[in-house]
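What follows is each chain in one-letter form.
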Amino acid sequence: MKKIYLNHTTLTFFPSLAIIPVFIAFLRESHSGGFEIVSDFFIAIIYPSFNHVVIESAWRGLQVTLCTALLSWIFSTSIGIMLAVISSNVFWKAFDIDESVGVFIRRCLAIPRAIHELVWGLLLQAFLGLSPLIAILAISIPYTAIVSRVLSDQFDSISQDNLIAIKQTGSRPLSTFITASINKMIPIIINYGGYRLECSLRSATLLGVFGLGGIGTELQLSFQSLEFREMWTSFWMLGLLMLGLENIIALFRNKFLSKATLSWKSLRNLIITLFVIFIFSLTWLRVLDINLFTDISWHHITIPSVIDFWQASLELEWIRLITGTLLLTFLSAGIAIGIPPITMMLVPTRLGIKLQSCLWTFLRLIPAPISAMILLLCSSPSIAVAALALGIHNLGVMGRLLKEGIDQQNNNLFNAIQASGANSNSTWLYAKLTVQSRSYLAYAAYRMDVLLRETAVVGLVGGVGLGWQLQESLSSFYWAQVILVIITFISMTIIGETISDRFSRYLLNSKSPIGIALKP
Amino acid sequence: MSKELNIPVRYIPVTSYPATVNAFRTKSLDLVWFGGLTGVQARLQTKGSKVIAQRDIDERFHSVFIANTSSNLTRIKSIEGLRVLKGKRFTFGSESSTSGRLMPQYYLQKAGVKTTDFKGRVPGFSGSHDATIALVQSGSYQAGVLNEKVWESNLRRGRINPSKVIVIWKTPKYHDYHWLAQGNLDKRFGKGFTEKLKNTLLGFNKKVPNQRKILNLFQANRFIPSNSSNYNNIERIGRQLKKIR
């Protein structure tokens, strides 16, 4: 009897199984009818509009989007770090308090996380009116919860032995916690925090629809009228900004982390820098004639009655909606998580990785509704088109995370395996991916959350799942139904999180690899 | 407008349908150019708000059903003919669009076609009228429906290939877009302000260069008076199709 062992590395490849059915379904329905428009889209990449009105308005939009992104980034990472501390088990352990407090806080934070920032925007706007502050809040609320989940998991991966050892020296709980975690956590916070800025930029772009303006509004208007050349003017600007920020952050990160030990002085400098960016963004928005603090007042909606809820629940086709959402989430997650390790293993050369990295930046840059449109011009509507659109956008994100992890790894193992004469593909697999697989899988679990929420943005392919239903209920102002669908999203997120927590604990605790017995 | 009304006027682009309705309900916007359905949704949610004007073309608005020529769909003579769309891949425009969704869905329902009758049991929502044309022209969707004006302007600009996509049916006329103003403008800006605002809009004419530019962007010759009763039908249909609760 042979055994296939499931360890972290094999699990990394497991999701790629989704690629097969998606590609078969996509290719079977593909056609050449959209060739002209799709080629217009690609030609426009090298031939964007240089009309001065287009450039001027994209430039203004870019500044608004950047300030929105910077402010939401600072809010969400700083509050997220604090919440990460109090939702980690290790924090409560340091105080000798039952760790279920941490678990409880973590589950509560699934609520803001389960709702897409676009939906947060609409909900906040329904209560608070149209204000530029809405966009910042709409990004900050779910992002705070995401940051806190990711970092609390990292806090919990701190060795318990260390904690106990420090505690036995008689130190106070809070200092025990800080001493045990600070050296491990600062590099993680710096790395992850840097990455969140790009996420904020992408969301700020998407939220251009709330009267704040921004490059998202420009993109949406030119996309709606299929003015691809104008659209690419905005995309180029946004892409260059993304690359610029990525490089500045990498530079800063390397400088900050190159010191052998972290001093309080460098931490203080970091906080001062963030504060300066905060004030600078606020002032810059004022210069652009955008005042964040105007026109905010509370507006009620009629609270639905029990009968309304009952009626609303009867109108929904629950089974179809939930299965559609799950299928779309799993298929797109398979593509997003499974492809980067495979392509990087197949072409692990320096040039190969560089090219892949460029492609991933391109895929991240194009929002899912736009890739859905382009794919839909090549193939008839099916869940495969929706899954592919969501999958390739998020593939760009997963690819970046994997590459960043690998870049920061030291090369000792790699050199050792290479010296043994192994070929470049297996060297990459054993020396690079194996080391990264655990954290990559953790990021994959968070990405599933994101994908579950993002199913909301591909309605174009034919209303699939709960995400589309939420848009439909919101645009009908059917609050009872909106609340029911949101509760379902929250429940699915909590269930998903509980399963992934249990699974990772199971993997951590299993001394031997999990074996699946197969008959020869 | 700022010059005519003697007050500062600020243009705020809001590109999401429900966000615009919310912005009007929460009194963040004073005057909005609404589609038929969203205008009714906003007015019902905002006490005192008034329909003040529409374009000359809005009292006789139409949607056109279009089809890819390879789908073998041909011109339909009466509303019952829409039944041929059963089992086809079909796309609307935006969820809240009057000409790209609400009125077409109403006529489909009248012909006995439910949205679950399309191939895949759900229609698509292309997101915009231009996207509907592109998707039907490509063949990904066999048929779709959109605002007649957008169809005409795409025809004029040569963006439609008549060998690939044709009009199969034009809906009867209905009232669509309109200007909706808050009910408290007189109180805030002085007695008779709403009337002055209305007259300013109605006074736009193509002889004045700036106003011609605006009217051309609106694809209109002029604005004409309108009132809420013009939209009773949209309200009834909106309720029937559950887009108004």
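All values derive from a computational prediction rather than experimental measurement. (Residues numbered from 1 in each chain as written. Chains lettered and ligands numbered in written order. Predicted model: local features only at pLDDT ≥ 70, side-chain atom pairs only at ≥ 80, totals over all residues. Heavy atoms only, no water.)

(A) Looking closely at the overall build of chain B. Within chain B, the regular secondary structure consists of 10 helices and 9 strands. The globule rule puts the C-alpha radius of gyration for 245 residues at 18 Å, and the 19 Å found for chain B is close to it. Within chain B, the proportion of its 245 residues that are buried is 58%. Of all intrachain contacts in chain B linking residues separated by at least 6 positions in sequence, the fraction that spans at least 24 positions is 76%. Roughly 10,800 Å² of accessible area belongs to chain B as shown, and the carbon and sulfur atoms make up 49% of that amount. On chain B, the mean spot of the 42 positive side-chain charges and the mean spot of the 15 negative ones are 4 Å from each other. (Helix = DSSP H or I, 4+ residues; strand = E, 2+ residues; numbered from the N terminus. Rg over C-alpha atoms; globule rule 2.2 N^0.38 Å. Buried < 20%, exposed > 50% of the residue type's maximum accessible area, 1.4 Å probe, protein only. Contact = heavy atoms within 4.5 Å. Areas by Shrake-Rupley, 256 points an atom, 1.4 Å probe, with all protein chains shown as cover. Lys, Arg positive; Asp, Glu negative; His and termini not counted. Charge placed at Lys NZ, Arg CZ, Asp CG, Glu CD.)

(B) Spotlight on the packing of aromatic side chains. Applying the stated criterion across every chain, the model contains 36 aromatic pairs over all chains. When the ring of Phe41 of chain A is compared with that of Trp232 of chain A, the centres are 5.7 Å apart and the planes differ by 65 degrees; the resulting orientation is edge-to-face. Taken together, the residues span a long stretch of sequence, with Phe41 of chain A in helix H3 (residues 35–46) and Trp232 of chain A in helix H12 (residues 228–258) at a distance of 191 residues. Look at Phe91 of chain A and Trp92 of chain A: their rings are 5.2 Å apart centre to centre, the planes differ by 85 degrees, and that puts the pair in the edge-to-face class. An aromatic cluster is built from Trp468 of chain A together with Phe65, Phe90, Phe92, Tyr106, Tyr107, Phe118, Phe125 and Trp169 of chain B, whose rings are joined through pairwise contacts. Seen from the ring of Tyr143 of chain A, Arg196 of chain A lies directly overhead, with NZ or CZ sitting 4.4 Å from the centre. (Phe/Tyr/Trp six-rings, centres within 6.5 Å; stacked < 30°, edge-to-face > 60°. Lys NZ or Arg CZ within 6 Å of the ring centre and 35° of its normal.)

(C) Summary view of the sheet that holds strand S5 (residues 124–125) of chain B. Residues and elements named next belong to chain B. Read across the open sheet, the 5 strands follow the order S5-S4-S6-S3-S7; overall the sheet is mixed. Each of the sheet's edge strands pairs with one partner strand only, and the pair in question is S5 and strand S7 (165–170). Pairing analysis gives 5 bridges linking strand S3 (residues 63–68) to strand S6 (residues 143–147), with the strands arranged antiparallel. Paired with Val64 across the strands is Leu146, a residue of S6. Where helix H6 (residues 148–156) meets the sheet, it contacts S3, S6 and S7, and its direction lies at approximately 95 degrees from that of S6. (Pairing = 2+ DSSP bridges. Axes fitted to C-alpha atoms, helices over the stretch in contact; angles between N-to-C directions.)

(D) Here's a closer look at the packing of helix H10 (residues 173–206) of chain A against H12 of chain A. Residue and element names in this part refer to chain A. Contact geometry of H10 with H12 gives a least axis separation of 10 Å together with a crossing angle of 170 degrees. Classified by the interaxial angle, the pair formed by H10 and H12 is roughly antiparallel. Residues Ile186, Pro187, Ile190, Asn191, Gly194, Leu197, Glu198, Leu201 and Thr205 of H10 touch H12, and the partners they reach there are Leu238, Leu241, Met242, Leu245, Glu246, Ile249, Arg253, Phe256 and Leu257. Of the residues assigned to the contact of H10 with H12, the class counts are 12 nonpolar, 3 polar and 3 charged. (Parallel < 35°, antiparallel > 145°, perpendicular 65-115°, else oblique. Nonpolar A, V, L, I, M, F, W, Y, C, P; charged D, E, K, R; others polar.)

(E) Spotlight on the interface of chain B and chain A. On the side of chain A, 48 residues touch chain B, which itself brings 44 residues to the contact. Sorting the residues of chain B by area buried against chain A places Thr15, Arg25 and Arg245 of chain B first, and these three jointly supply 15% of that buried surface. Run the count over chain B and chain A and you get 6 salt bridges. Across the pair Glu227 of chain A and Arg157 of chain B runs a salt bridge, and its minimum N-O distance is 2.9 Å. Viewed at the interface, chain A and chain B are joined by 22 residue pairs in polar contact (both at pLDDT 80 or more). Looking at side-chain class alone, the side of chain B that touches chain A contains 15 nonpolar, 16 polar and 13 charged residues. (Buried area = accessible area lost by both parts, 1.4 Å probe. Salt bridge = Lys/Arg side-chain N within 4 Å of Asp/Glu carboxyl O. Polar contact = N/O pair within 3.5 Å; in protein donor to acceptor, adjacent residues only side chain to side chain.)

(F) Focus on the pattern of salt bridges. A complete count under the given rule lists 28 salt bridges over all chains for this structure. Note that Glu497 of chain A and Arg113 of chain A form a salt bridge whose closest N and O atoms lie 2.3 Å from each other. Highlighted residues: Glu497 of chain A in helix H22 (residues 479–509) and Arg113 of chain A in helix H6 (residues 100–113), separated in sequence by 384 residues. For the pair Glu497 of chain A and Arg113 of chain A, one class covers both residues: buried. The salt bridge involving Arg60 of chain B is made with Glu59 of chain B; its shortest N-O contact spans 3.5 Å. On the basis of relative accessible area, Arg60 of chain B is assigned to the partly exposed category, the value being 47%.

(G) A look at the packing of helix H8 (residues 132–156) of chain A against H10 of chain A. Residue and element names in this part refer to chain A. At their nearest, the axes of H8 and H10 sit 10 Å apart, and the two run at 150 degrees to each other. Viewed along their axes, H8 and H10 form a crossing whose handedness is right-handed. Note on element contacts: H10 touches H8 through Phe177, Ser181, Lys184, Met185, Ile188, Ile189, Tyr192, Arg196, Cys199, Ser200, Ser203 and Ala204, opposite Ile139, Tyr143, Ile146, Val147, Val150, Leu151, Gln154 and Phe155. Residues that form the contact of H8 with H10 fall into these classes: 14 nonpolar, 4 polar and 2 charged. (Left-handed = near helix turned anticlockwise from the far one by under 90°.)

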